[in-house]
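Tertiary structure, described
Residue-level listing of the chains:
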Amino acid sequence: MSLFLEKNVAFSSQTNGSPEFLLWHPTQAILAVCAYSENVGNGGVHFFDKEGQTLHRFKPRTRQSCPECAAWHPSSTAIVVAWRDGTLVLYHLQNDLSVESFVSTAPVKNLQWSLDGHHLVTVSKANQFSVWSKDASKDSISLSKPSITNTLPHTATCLEMLRQSLSYGNGGLLEAVSALKAASAGSSKHPLFLLGTSAGDVYYLDQQGKVHQGPRLQGSVQAISFLEIFGSKYWTAYFVMDSLNVLGYQISHGFVFEETFNAACPGKTPVPSVCWLNPEVLAIATGENHLRIWDCLKSANIDLPLHDFAGTEPAEALRTVTLNQSSGVLMGQTNSGKLLFWSSWPSSSSQSFCRMMCSTLWSLISSFQVRLSAADISGPSFAIADTHTVYVLQQRPLSFAFTYPLLAIQTSTKSVSIIDEQRKKAAMQKVKFQISGVAVKDNLLVVWSEETVSVWQMSAQADDEGLTLTEISTFRRDYAKIAIYNGALVATKNKSINFLTAQGVVKADIKVLANEGTVALMDIKGSTCVVAVSEGYLKTFNLDTSDPKSWNKTKAIKEAVTSYASFKSLSINLDCLYIAFLTDRNDGVPEDKVYLWDLERNAISWYSFDSAVPSQVTWQSDDPRQLAVNLTCSSTWKKAGNDRLAFFFASSDKGLVLANQLPLKTNGSALLLGTHSPFAFVYANSVEQGGKLAVIKRFLPDCEGFVPEHKDDMMAIADFGYYAALGHFSRAINSVKTTSNGVWNHLARLCVKRGKLEYAKVCLGKLGHVAILADIRNFAETNHNTKAQLGRLAALLHIKGTADEYFGMSGQTDLSDSLRKACGDFATDEKHGPIDGPQGDVISTSARLKQRGLLYEQAQHEKAFADVEMTVEKLKKAKCEKFDVPRFLLQKRPQELHDYIDQANDTRLYGWYGHFLESQNLTDEAVEYYEKAHELKAQVRIFCGRDEQDAALALVRRSHNRAAAFQLAHAMEVEGKTDATILVELYEMAGAYRNAIRICMDNELDEEVVKLALQSQKSESIMAAKYLQSKGLIDKAITLYHSAGRINKATDLAFTQGYYGNIETISVDINENSDPRLIERCVEYFAEHKQVDRAVNLLIKAKRIVEAVNLCIKYQMTVDEQLISSVLDRSTTDIADPKQRKTVIEGLANRCLAQGLFHQAARMFMEVSRPEASMKALVKTGDIDAIMRYIRLIRDPDALMVAGNNLQSQPWHQRKDIFDAIVLAYRRAGATLYLASFYDSWGETACESARYDVALKAFNQSLDMLKTVKSTQVSPQDLDKMRQEMETKQKVVDYFVEVQRTAQANPQEAVATAEELLQHTRWEAGVRTGHVYGLLVAATLAMGAVPKSRKILQRLKEACPPALNWSDFVDENVLSQLQ
């Protein structure tokens, strides 16, 4: 809550005339007051700061004319003023001598600068449109001559410049200018202004200063919003017409206007005043008693009625509306001269604009009565003017003070209301200055402004109705905050704290350190004073001594609160052990934490809220443990009544513990004044006083409905609440020492509300409520639901709302119904909504039936009193509207029954009413209602009774209703006068195929018999097949026997009668359950006709696998996957014997080998445990991966040898997986000799490629394998020879590898060793002779002996066999050096 303090601007109307209009500078706190004196005929422009003081550095500009309009340059201190004599003057305030002017043919009525300040646009009263553009050679615009001048054919009504919207939020002007410059840097054409006329013509000015005509709209343009959304490819423009139509356009960079929005805003016309709250939300003052806010995108609007907040007269209407972008305050003026100020929550320019479309976000914060002649609220202060005086209105929070039992609250700028809660007395005191703050304590009232302090003494006589205030003193001081202590004053001013008497005599002074900033907040409890300093310090002082000293060390809260920007609220508790405070964040985000400084532990803790912002903290005046916090909802869509109070208990070990929250449920914002058991005092709109602001008392959550008689009773409840909040309920019970029944009864109710059943029983035991305890015990024996037990106890304690809530939570709504029935409260039966509503899906079936039963009982109750309307209503809610209501109306009000049936629009009611009319022999009306009820059978019955078969037949053919068709067919057949084809049609339509077939057989309609039998059941098909067989129609009879599932009969009939063509069709349905003789006959038939594949498939379906395999082998038929799967299926019944199964599978596998199906053969050999045969089949496939997978699965030596030998023919030296598979195969087969040979091959391959380190590893492996070879595998002589040869090869390779390693370090030694090694090498095995020569050549070259290297190279050429290439043994780099 806030008020607006008015400050007179140092403007003299006697010398300067009456103010015509006011103008704030867009970026600087400079106010221009344009005035005109009719007596002297002189006009002028005067300049002031935000406090209303004259700016002496800018001298006034005067002229012998009246100013018409003016505009500040967006980035400099230049102002252009249009005078009534047609002169346009540009004043450069920084340079008094720089004045440029231009004289036009008619006075200018509207002018604006472009956002970048490079263009000035003016519109004269003669509709002359002129543009001044900045010359590239000059720093500013010259008014010597306009760059463009056009005369408009119609009157210009509005002019709007392009503004930038950053993410749909208006930033400051400097940010917008920089963004506009960046956006338009690479564009030669950029729209700057839109101009609307009375005829609907739209013109736009581009960045080059050229004017173009846009679309023509219908009507007169009243307002324009022209914006460039940051990051968008289009410009957006909205036009408000005189008919209150709002048109939206997208403007492409090619200046193409495309209409995107067209809607009519409700209200009176013409439009008095409009302003844009954001790019797409418009506020309109339509000359009515409310303010309308219109969302152009969603075509939605809300109304803010004046009488809801301001207490205005019903006939009072809103005339103008203006928005302050920085503070979010909306100002409107009524036709009676009253100024109204609305504020949206939160007041921030960065607020989400979707919030503006919620009416509960806007609340009236102040009103101001003035005969307004001019106003501008766009600056840091609100500037307004009447005919003689100019004011600046500064928004200040509402001042209040609370020291129980005294309460003082500021009610206007110069008045304060005082309430004595103990004596129930009040007073209103007015002062001569504008109030900045109040303090009250010990019958003293202190009121101060920015320069005056006034002290008052309060007294009350026994017979007086109110308080009497006597002024003690008034003195001039500029204090920010004042508190009362022991009849003296403690005041703060900048960096000092003054201690002074009530008469204003300063007794002591304390200074804060220079680096700690200035004193921001102060609070006093007991003898302790705590102050908050602006740089983030809290300091406490002891006030008992004449010279106050620091009582505790200074706390720098920035260490714990890293986001600190400033203090917002401060309070110290009663025993001076805890200090609670709120801060503002340095990033602009609303702070959601409340902080607690524990003075004993010197530690700061906090509590964070999820969806609320704390705005104020205050400790309870009679309990040092309880803290109250005023919370404001921080959600995007704020709902009415979301503001609430949060109550905490402070604990040294747990910090702040949230105990309860109390919704305020007020219309608008609320201000927490203080708390004192059992009430919290709130200043808000009071419903009892017609929505006016008043002090409202709310019960504290733990004291709701209980006013203690003694202080000890209140302390007992407070102790209980404290320990309960900490979770110590047993300690909470034990802390209560009172014997008061009222306290224990209240505590029992508190335990029930908090769900503590056992503790509630303890409280009842203290009260001696034996009957209630016995009732709860008996109830718990049959109902184990704790919520239901709590509901039962709440009902016994007469807490009906809590009982109903617990019963609902338990899911036993029948208990809620019983409670309401016992209370006779039928009106609350609908609390849970309609039975078939959204909650009906959650309520159980039994609970729903019980609820309906209760409603039915209520209906019977109303019926007894002959209340027809109420009875019908209750029967409807009990879901008896389809039976009981018609019967009730038939008895009570038969004349209303017809209308009720028609209005019900229910098919069952139509049917019931049709039966009633038919019973009254009103057949025509009955047919009408049967048709509405879709009861075709009843209509056919009436038509047949009236001998109107043609009408009945037409109805049946039109509807295809089965029941109606059967009834009509039966009636026609009984009469015997109808054609058989019609009867067949009707019976077929009814699905009565037996009757239709019977009619066809009686009338020899054989083709119809087959068609109907194929659609009917088996019994009808067999009956028709016998009939056709008796008439010699064998092929049709076979078809019907087959469709009826009589396969044997159909096949036998086909074979005996020679209808072999049907056998192929019938065989599809033969399976293992078919007659074996039938299967054999079909197989013989297919075999004789060379359809062996059909015969095999038939045997497979019959699970006669052995015969199928034999037949396949006999006729050398191609084996398919179906036969293989059937053979391998272990569930096959006719080859259960393992030996027979193995024989069958081997035979089929050999058949697969013959056909080249090697994978299938391998699979079947593997199935019968013949791994060698399986491996041989895999080898034939050439599938290396399959062979390697199979090696890992088997252990058979022969199969492994086959695999290993085969893989040696594969590129194993290129693929490591093949190499590993060969080693694994030989190892598992135990073929160490083969493995040694493979390692030898590996080593020779490595030697051939000069990889002698790999060869050495291979020869070592081979030698290890030879050492493990048993003499049984090879003769001892051969084995010894093989070992000796391998040892020799291994040693030579090892020696050569060592020579290679030392060749670089010692080439001379390497040359000598290599010459000796030539005697032990060969060209085709082991160390290759050529590689030794290559080493010699490289080593001698490294020694610098080039001739010797060439000789060794020549020796290599001569010794190299013809089959080899000598250059392969010498490194290419060495050869290039020798050449």
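Quantities reported herein were computed from a predicted structural model and do not represent experimental measurements.

1. A closer look at the state of the cysteines
Scanning the model with the defined rule gives zero disulfides in all. No disulfide involves Cys34; its sulfur sits 9.2 Å from that of Cys69, the nearest cysteine. Residue Cys34 is classed as buried on the basis of its relative accessible area, which comes to 0%.

2. Structural notes on the nonpolar core
With 80 residues, the main nonpolar core has Met1175, Ile1191, Leu1207, Phe1238 and Val1293 as its most contacted residues. Apart from the residues within four sequence positions on either side, Leu1207 is in contact with Ile1184, Ile1187, Met1188, Ile1191, Trp1212, Ile1218, Ala1221 and Ile1222. Counting 53 residues, the second largest nonpolar core, distinct from the first, contains Phe706, Ala716, Ala732 and Trp744.

3. Thoughts on the sheet that holds strand E44 (residues 496–500)
Strand order in the open sheet made by the four strands is E42-E43-E44-E45, with antiparallel pairing throughout. Strands at the two margins of the open sheet, each flanked by one partner only, are strand E42 (481–485) and strand E45 (506–511). Averaged over all adjacent pairs, the angle separating strand axes in this sheet is 20 degrees, with direction ignored. The pairing of E42 with strand E43 (residues 488–493) spans five bridges and is antiparallel. Looking at the pairing, Ala483 lines up with Val490 of E43.

4. What about the sheet that holds strand E1 (residues 2–8)?
Within the open sheet, the four strands sit side by side as E1-E33-E32-E31. Their pairing is antiparallel. Looking along the sheet, the strands with just one partner apiece sit at the ends: E1 and strand E31 (374–376). With strand direction ignored, the average angle separating the axes of adjacent strands in the sheet is 25 degrees. Both E1 and strand E33 (residues 390–397) contribute to a ladder of seven bridges, which runs antiparallel. Note that in E33 the partner of Phe4 across the bridge is Gln395.

5. Section: unusual backbone geometry
Residue Pro405 is reached from Tyr404 by a cis peptide bond, and omega for that bond is 10 degrees. Mapping Pro405 onto the fold places it in the loop between strand E34 (400–403) and strand E35 (406–412). Going from Ser677 to Pro678, the amide bond is cis rather than trans, its omega being 5 degrees. At Asp442, a residue that is not glycine, the phi angle is positive and equals roughly 55 degrees. Inspection of the secondary structure assignment puts Asp442 in the loop between strand E38 (437–441) and strand E39 (444–448). Here Cys576, not a glycine, exhibits a phi torsion of approximately 60 degrees, which is positive.

6. Comments concerning helix H18 (residues 936–945)
For H18, a buried count of seven out of ten residues is recorded, marking the element as mostly surrounded by other parts of the structure. Within H18 the residues assigned to the buried category are Leu936, Ala938, Gln939, Val940, Ile942, Phe943 and Cys944. Elements that come into contact with the buried residues of H18 comprise helix H16 (907–919), helix H17 (923–932), helix H19 (949–959) and helix H20 (962–975). Downstream of H18 by a residue or two, Asp947 has a phi angle that is positive, lying close to 60 degrees.

7. Quick word on the environment of Lys210
Looking at the element boundaries, Lys210 is found in the loop between strand E17 (201–205) and strand E18 (211–216). Lys210 gets classed as partly exposed once you look at its relative accessible area, which sits at 45%. Between the C-alpha atoms of Lys210 and Pro191, which are 19 residues apart in sequence, the distance is 9.5 Å. Apart from the residues lying within four places of it in its own chain, the contact partners of Lys210 are Ile148, Tyr204 and Leu205.

8. Digging into the packing of aromatic side chains
The final tally for this structure, using the stated rule, is 25 aromatic pairs. Centroid distance Phe1238 to Tyr1239: 6.3 Å. Interplanar angle 40 degrees. Geometry classified as tilted. Under the relative-accessibility criterion, Phe1238 is labelled buried at 0%. For Tyr1239, a relative accessible area of 4% gives the class buried. Following the ring pairs from residue to residue traces out a cluster consisting of Tyr564, Phe567, Phe581, Tyr595 and Trp606. The positively charged end of Arg84 is found above the aromatic ring belonging to Tyr36, 6.0 Å away from the centroid.

9. Some remarks on the packing of helix H35 (residues 1184–1191) against helix H37 (residues 1216–1229)
Following both chains from N to C, one finds H35 and H37 inclined at 40 degrees, their axes separated by 10 Å at the closest point. The handedness of the crossing between H35 and H37 comes out as left-handed. Mapping the contact onto sequence places Ile1184, Met1188 and Ile1191 in H35 and Asp1217, Ile1218, Ala1221, Leu1224, Ala1225 and Arg1228 in H37. Tallied by class, residues from the contact of H35 with H37 come to seven nonpolar, no polar and two charged.

Procedures and definitions
- Residues numbered from 1 in each chain as written.
- Predicted model: local features only at pLDDT ≥ 70, side-chain atom pairs only at ≥ 80, totals over all residues.
- Heavy atoms only, no water.
- Disulfide = S-S within 2.5 Å.
- Buried < 20%, exposed > 50% of the residue type's maximum accessible area, 1.4 Å probe, protein only.
- Core = buried A, V, L, I, M, F, W, Y, C linked by side-chain atoms within 4.5 Å.
- Contact = heavy atoms within 4.5 Å.
- Pairing = 2+ DSSP bridges.
- Helix = DSSP H or I, 4+ residues; strand = E, 2+ residues; numbered from the N terminus.
- Axes fitted to C-alpha atoms, helices over the stretch in contact; angles between N-to-C directions.
- Phe/Tyr/Trp six-rings, centres within 6.5 Å; stacked < 30°, edge-to-face > 60°.
- Lys NZ or Arg CZ within 6 Å of the ring centre and 35° of its normal.
- Left-handed = near helix turned anticlockwise from the far one by under 90°.
- Nonpolar A, V, L, I, M, F, W, Y, C, P; charged D, E, K, R; others polar.

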